[in-house]
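Residues per chain are reported as follows:
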Amino acid sequence: MSFNFTANKNSFDPVTTNRRAVLKGIAGIAATTMVPGAAFAQAAGKFNLKIAITLPDSHPTPVALKAACAEIQKASNGRLNIDVYPSGQLGSDTDALSQVRSGAIDFVCTAGSIYGNLTPGASINSIGFAFPDYATVWKAMDGDLGAFIRSSFDKVNLIQVGQVFDHGFRQITHSSKPIVTPNDLVGMKIRVPATPLWTSMFKGLGASPASVPIGELYTALQTKVVDGQENALPTIDAVKLYEVQKFCSSTSHMWEYFALVGNKKNWNALPEDLRLLATRIFDAHAVKQRAAHDALNATLETKLKGQGMQFNRVDTKPFRELLQKSGYYVEWQKKFGPEAWALLEKYSGKLV
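Just so it is clear, the model here is predicted, and its values are computed rather than measured.

A. Geometry of helix 7 (residues 196–204). Those residues of helix 7 lying buried are Leu197, Trp198, Ser200, Met201, Phe202 and Gly204. After helix 7 finishes, the residue Gly206 shows a positive phi value of roughly 90°.

Shown next as structure tokens:
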């Protein structure tokens, strides 16, 4: 299964309403070419919202969102209609997040690493080698650590709705060798996102991280600008990295979530019964998405092996020990603060 991650920013016709509705003070109706958010047709007792996401239609997360929204519309007897715009139709992750903050659109669904640029606590899940497995991930994210991340959005007038979606453990690929021990990373030119968490982790492991846009990654690997990269399997497949990378090492060095985050004012403008209904249904579909993502990973490993990639399992203990010695965990403990760090270590075990 291949995904198209090309993001196109489309414009949409403005929402119009009648004069009586305007005189009643109905909010969220835009009369410009800006994509309108929280378009409330309150005269009919109906509410129309929008969700922006850069993942393509076929990915488990947009699939889950669309299924949830269809169920919400049915269960609310048509009172609440939520449209999902995948493949970056409403802009890039950062663009969409900015529009949600302004109220131009209602929701964005993206990764904790993106939210971390706005509210740092939202990205603490991406600390290197914090989670050994999915059992630990879900204890943390459905427990106190997840509650902390959820509360971090309140500080920037946003609100997380529903449980988080699985965006996967990240794995390392290389053109000429498997990564088995930390020594295999020494001097390796590895592409990473332009995020300090990633850069500092790979520097702590002795690699030479380089930031390359995802759209230029294939060419950078093909021309040996970088030796390898790291991503979850759906992205490795989507960008066809199996054509330029021979080895995939299952390091699971970081885990990422996607969360549905909305404009707090737009969300609170909904009647309470609709908010409760939508939250319950989004929760249920987040659980279904996690199972679908797990199944997809298993399918993709088989597919990538068929494309010629070689997989190897990795003992992560030496990598974590090296990061402890390098000061990586101490650095991020200071940046995230004692409260957040204590919640992380409640599930990960002692990192410092």
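Let us keep going from here.
B. View of the pattern of salt bridges. Enumeration according to the criterion identifies twelve salt bridges in this entry. Arg79 is paired through a salt bridge with Asp273; the nearest N and O atoms lie 2.7 Å apart. Residue Arg79 is located in the loop between helix 2 (60–75) and strand 3 (80–85), and its partner Asp273 is located in helix 11 (residues 272–306); the two are separated by 194 residues in the primary sequence. When the shortest N-O distance is used, the salt bridge between Arg170 and Glu256 registers 3.0 Å. One end of the pair, Arg170, is in the loop between strand 6 (165–169) and strand 7 (171–174); the other, Glu256, is in strand 12 (residues 255–263), and 86 residues separate them in sequence. In this structure, a network of salt bridges that share partners links the residues Arg170, Glu230 and Glu256.

C. Seen up close, unusual backbone geometry. Here Phe129, not a glycine, exhibits a phi torsion of approximately 55°, which is positive. When you line up the elements, Phe129 lands in the loop between helix 4 (112–115) and helix 5 (134–141). Phi is positive for Ser252, which is not a glycine, with a value near 45°. For Ser252, the position within the fold is in the loop between strand 11 (247–250) and strand 12.

D. Local environment of the environment of Ile82. Within the secondary structure, Ile82 sits in strand 3. In sequence terms Ile82 and Cys69 are 13 residues apart; their C-alpha atoms lie 5.6 Å from each other. Those residues in contact with Ile82 that lie beyond four places of it in its chain are Leu49, Ile51, Cys69, Ile72 and Phe282.

E. Focus on helix 11. With 35 residues, helix 11 should reach 51 Å at 1.5 Å per residue; the first-to-last C-alpha distance of 50 Å fits that figure. Trailing helix 11 by a residue or two, Gly308 shows a phi angle of about 105°, which is positive.

What counts, and where the lines are drawn
- Residue numbers here run from 1 along each chain, matching the order of that chain's written sequence.
- Totals for whole chains, interfaces and linings use all residues, but because this is a predicted model, local features are given only for residues with pLDDT of at least 70 and pairs of side-chain atoms are given and counted only at 80 or more.
- Excluding hydrogens and water, the side-chain figures rest on all heavy atoms present in the structure.
- Exposure categories follow from relative accessible area, calculated using a 1.4 Å probe and restricted to protein chains: below 20% of the type maximum is buried, above 50% is exposed, and the middle band is partly exposed.
- Going along the chain from the N terminus, every DSSP run of H or I of four or more residues is numbered as a helix, and every run of E of two or more is numbered as a strand.
- What counts as a salt bridge is simple: a side-chain nitrogen of Lys or Arg found within 4 Å of a carboxyl oxygen of Asp or Glu.
- Any two residues whose heavy atoms approach within 4.5 Å at even a single point are treated as in contact.
- Here a helix's expected span is defined as the number of its residues, less one, multiplied by 1.5 Å.

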